[in-house]
Amino acid sequence: MREAGSTEPIASVMGQALGQDDHRWQAFAAAIGQAWPAQPGPDSSQPGPDRSPDRFLAFDPDQLFVFAAIDSTNRALWQRSQGSQAVDSGCGGPPTLRPGAIAIALEQTAGRGQWGRTWQSAPGGLYLSLYIEPDLAPQNAAQLTLAAAWGVATSLGDRGVAVQVKWPNDLLLSGRKLGGILTETRLSQGKIRRAVIGLGLNWQNPTPDTGITLATDPACPFTSLSDLAGAAIAGLVRGDRQL
């Protein structure tokens, strides 16, 4: 059985980690692929064309990494990003990470929030990260978090969940904390060239009194964690395309 905290993707060994087959991975992949926003055409009034040819346009199942338990989904993507950078410089094997890569964990053992706070990541919540390659000046780093929060709130709002954004990174429902975002960046040649956007949402995990979960709401439109993951990731992508 794969050790908890391993950075090995478990698409092919899901049976060892989560059950007898890879049904759970397939459920996440199907939900995310179905929800992934279509790229606006040249005549669309939506945001313009991509910033670069390697910008992610569509969901790539090979870039979805699902873990039974891991220390941090952000850290998992950064580790893979370092492997990709080694390839770019002529060291190492084939690239392991591309823009649009996603890490999802059913549990985090060392989740982090804003200002280094510990994020409670018990089983039952949605814990995921998205890897992107922006082209931003360092002083505009906050735009990444704000765009992500707006995108997730808008995506959930489209499904009837009235989420509000609280500066700088909280997502609120009925005045209580539903989730939060942690954005981490890396600079190259004076620009933000790589970023990982981490998202935690309360689904049916235990929360403090100030928190709220979606699954306990009888009016919740989401029927599964994978369904929620699809909507949440669609929101992150939607936010990124506003930058």
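On a predicted model such as this, the values are computed, not experimentally measured, just so you know.

**Student:** What should I look at first to understand the packing of aromatic side chains in this one?
**Tutor:** How two aromatic rings sit relative to each other is set out by the distance from centre to centre and by the angle between their planes. A full pass over the atoms with the stated rule returns 1 aromatic pair. Their ring planes at 35° and their centres at 5.8 Å tell us that tryptophan 36 and phenylalanine 59 sit as a pair that is tilted. In this pair, tryptophan 36 sits in the loop between α2 (23-35) and β1 (64-67) while phenylalanine 59 sits in the loop between α2 and β1, placing the two residues 23 residues apart along the sequence. Grouping residues by exposure puts tryptophan 36 and phenylalanine 59 together as buried. Over the aromatic face of phenylalanine 65 sits the side chain of arginine 80, whose NZ or CZ is 4.4 Å from the ring centroid.

**Student:** Would you mind going over the pairing of strand β2 (residues 102-105) with me for this structure?
**Tutor:** Remark: a regular strand shows side chains that alternate across the two faces of the sheet. Burial of the side chains of β2 extends over both faces: Ile102 and Ile104 are buried on one face and Ala103 and Ala105 on the other. Across 4 bridges, β1 lies against β2 in parallel orientation. By the bridge assignment, valine 66 is partnered in β2 with isoleucine 104. Pairing analysis gives 4 bridges linking β2 to strand β3 (residues 126-132), with the strands arranged antiparallel. Within the sheet, the bridge partner assigned to alanine 103 lies in β3 and is serine 129.

**Student:** What is the right way to read helix α4 (residues 142-158) from this model?
**Tutor:** One turn of an α-helix holds 3.6 residues; hence residues three or four places apart share an orientation. In this model, α4 (17 residues) spans 24 Å end to end at C-alpha, consistent with the 24 Å of a helix rising 1.5 Å per residue. What α4 keeps buried is the set Leu144, Thr145, Ala147, Ala148, Ala149, Gly151, Val152, Ala153, Thr154, Ser155 and Leu156. Here the buried face of α4 lies against β3, β4 (163-166), β5 (170-173), β6 (176-188), β7 (191-201) and α5 (225-240).

Conventions used here
- Residues numbered from 1 in each chain as written.
- Predicted model: local features only at pLDDT ≥ 70, side-chain atom pairs only at ≥ 80, totals over all residues.
- Heavy atoms only, no water.
- Phe/Tyr/Trp six-rings, centres within 6.5 Å; stacked < 30°, edge-to-face > 60°.
- Helix = DSSP H or I, 4+ residues; strand = E, 2+ residues; numbered from the N terminus.
- Buried < 20%, exposed > 50% of the residue type's maximum accessible area, 1.4 Å probe, protein only.
- Lys NZ or Arg CZ within 6 Å of the ring centre and 35° of its normal.
- Pairing = 2+ DSSP bridges.
- Expected span 1.5 Å × (residues − 1).
- Contact = heavy atoms within 4.5 Å.

None of this, on its own, says anything about what the molecule does.
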